[in-house]
Protein chains: 2
Amino acid sequence: MDRSPQPKPTDAELELLRVLWDRGPSTVREIHEALATAVAKSTGYTTTLKILQKMADKGLVTRDESRRSHIYAAAIEAEKTQRQLVRHLLQGAFGGSPTRLVMQALSEKPTSAEELREIRALLDELETKGKSKPKGQKS
Amino acid sequence: MDRSPQPKPTDAELELLRVLWDRGPSTVREIHEALATAVAKSTGYTTTLKILQKMADKGLVTRDESRRSHIYAAAIEAEKTQRQLVRHLLQGAFGGSPTRLVMQALSEKPTSAEELREIRALLDELETKGKSKPKGQKS
DNA sequence: TCCCATCTACGACATTTGTCGTTGACATTG
DNA sequence: CAATGTCAACGACAAATGTCGTAGATGGGA
C-alpha cells in the first residue's frame, strides 16, 4: 500500500490539480482553457501539456489514452494533498505548532460568521476526542 | 518604497531564516553549526554560506561586514513571512478559504487543550471584531 | 481523396536551486 | 616571522522547472 511519499507538487502543478479537482477528468485543451479564463494564465498549450505529462510520470495524475485526446484525472485527493502541504508548511515555517498557523490563517482574511461557527464545531469535536483515544486518522 | 513583493523563500532559505529568528544575528559558522546539530543537516559550510549570500542579494537577510566574519541577520520578520506563506498556500491549494486550511492544520496534530483554548480566544476576538471595522494591521 | 486542424511526443533552452571545491586574503599563534 | 587555520568569493555542476517550437500522427471536412 502506498506509503507514497507523494512528491510535493509545485505551484504550477498545483494549479493544474485545482482544475482537475474542480472539473473532474479533462482533456489538455479543457484544462488549458480553464486556466486561461479562470486564472488569466497566458502560457502556450504545449506548456500545459508538458506539465501534465510530467505529472503523469510522477503519479500525480492518471491518463486515459483510449482516445486521441488523452484525458487526465487527478490521481491524488485534494484533501490528502492539502494535508501534505499543511504539514510541510507547519514543519518548515512554524516549528510544528499548528496554533500559530491557524492564527495566521484566520487573521489573513475576514472570515464569515458561518465559517467561524464551523471552526468552533471542529474545536469542540477535537476537545471531546482528545479525552478518548484519538482514533482513526493515522498520520 | 518597497511594497516588497518579498520573494517567497525556498525551503532551504526558510531553514536558515528559522535559525536567525531563533538566535538573532549570527555568523555563518554559527548558523551552520546550529543547522547541523538541530536539524542534522549535513551539508558543507560553503553551501550555507552561498545560500546566505543569495539571500542577502534578495534582501531576505542583511549582512554586517564590519568584521572578518560577517554577521547575518534576518531582514524579514517571522510573522510577516509566515503570513506570506500562509497566504500563498491559501491561494494555491485552498482556493482562498481559510476554513479548510484551519481544519487541516488542526487535524494534523493532536492539539493540546491549552492551544485549543488559545484558538478559541482568537475566534472570539475575530467575532467581535467582525462587527466593528477590522482595522488594518498592515504589514 | 486531399488538405487542414488538432493532438501528442520530443527536444531545446533559460533560470533557479542546492551542492561543492578551490583560491586568495586575513588572522592567530608558536 | 612563518606555519596553520579560518573566511568570503567565485565558478562549476547536476537536477528540476517552466517555457516553447517543431515534427509526426490522426481525424474531419470540402
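Placed above this text is the structure.
Residues numbered from 1 in each chain as written. Chains lettered and ligands numbered in written order. Predicted model: local features only at pLDDT ≥ 70, side-chain atom pairs only at ≥ 80, totals over all residues. Heavy atoms only, no water.

Focus on the sheet that holds strand β2 (residues 61-64) of chain B
All names here are of chain B.
- Pairing within the open sheet is antiparallel, and its 3 strands lie in the order β1-β3-β2. At either end of the open sheet lies a strand with only one pairing partner, and these are β1 (26-27) and β2.
- Two elements, β1 and strand β3 (residues 71-74), share 2 bridges in a ladder whose sense is antiparallel. Bridged to Thr 27 within β3 is Ile 71.
- Across the face of the sheet, helix α1 (residues 11-23) comes into contact with β1, β2 and β3 while running at roughly 95° to β3.
- In the packing of helix α3 (residues 45-58) onto the sheet, contacts are made with β2 and β3, and the angle to β2 comes to roughly 105°. (Pairing = 2+ DSSP bridges. Helix = DSSP H or I, 4+ residues; strand = E, 2+ residues; numbered from the N terminus. Contact = heavy atoms within 4.5 Å. Axes fitted to C-alpha atoms, helices over the stretch in contact; angles between N-to-C directions.)

Here's the deal with helix α1 (residues 11-23) of chain A
- Given a rise of 1.5 Å per residue, 13 residues ought to cover 18 Å, and the 19 Å separating the end C-alpha atoms of α1(A) matches this to within 8%.
- For α1(A), the complete set of buried residues consists of A:Glu13, A:Leu14, A:Leu16, A:Leu17, A:Val19 and A:Leu20. (Expected span 1.5 Å × (residues − 1). Buried < 20%, exposed > 50% of the residue type's maximum accessible area, 1.4 Å probe, protein only.)

Regarding the interface of chain A and chain B
- Listed as interface residues are 45 residues of chain A and, on the opposing side, 43 residues of chain B.
- Interface of chain A and chain B: buried area, both sides summed, is about 4,500 Å²; carbon and sulfur atoms make up 61% of it.
- Connecting chain A to chain B are 4 salt bridges.
- Our enumeration of links across chain A and chain B arrives at 14 residue pairs in polar contact (both at pLDDT 80 or more).
- Looking at the side of chain A that touches chain B, the elements with two or more residues in it are α1, α4 (78-93), α5 (98-108) and α6 (113-131) of chain A.
- When residues in the side of chain A that touches chain B are grouped by element, the largest group, 12 residues, is from α4(A).
- When grouped by side-chain class, the residues that make up the side of chain A that touches chain B number 18 nonpolar, 13 polar and 14 charged. (Buried area = accessible area lost by both parts, 1.4 Å probe. Salt bridge = Lys/Arg side-chain N within 4 Å of Asp/Glu carboxyl O. Polar contact = N/O pair within 3.5 Å; in protein donor to acceptor, adjacent residues only side chain to side chain. Nonpolar A, V, L, I, M, F, W, Y, C, P; charged D, E, K, R; others polar.)

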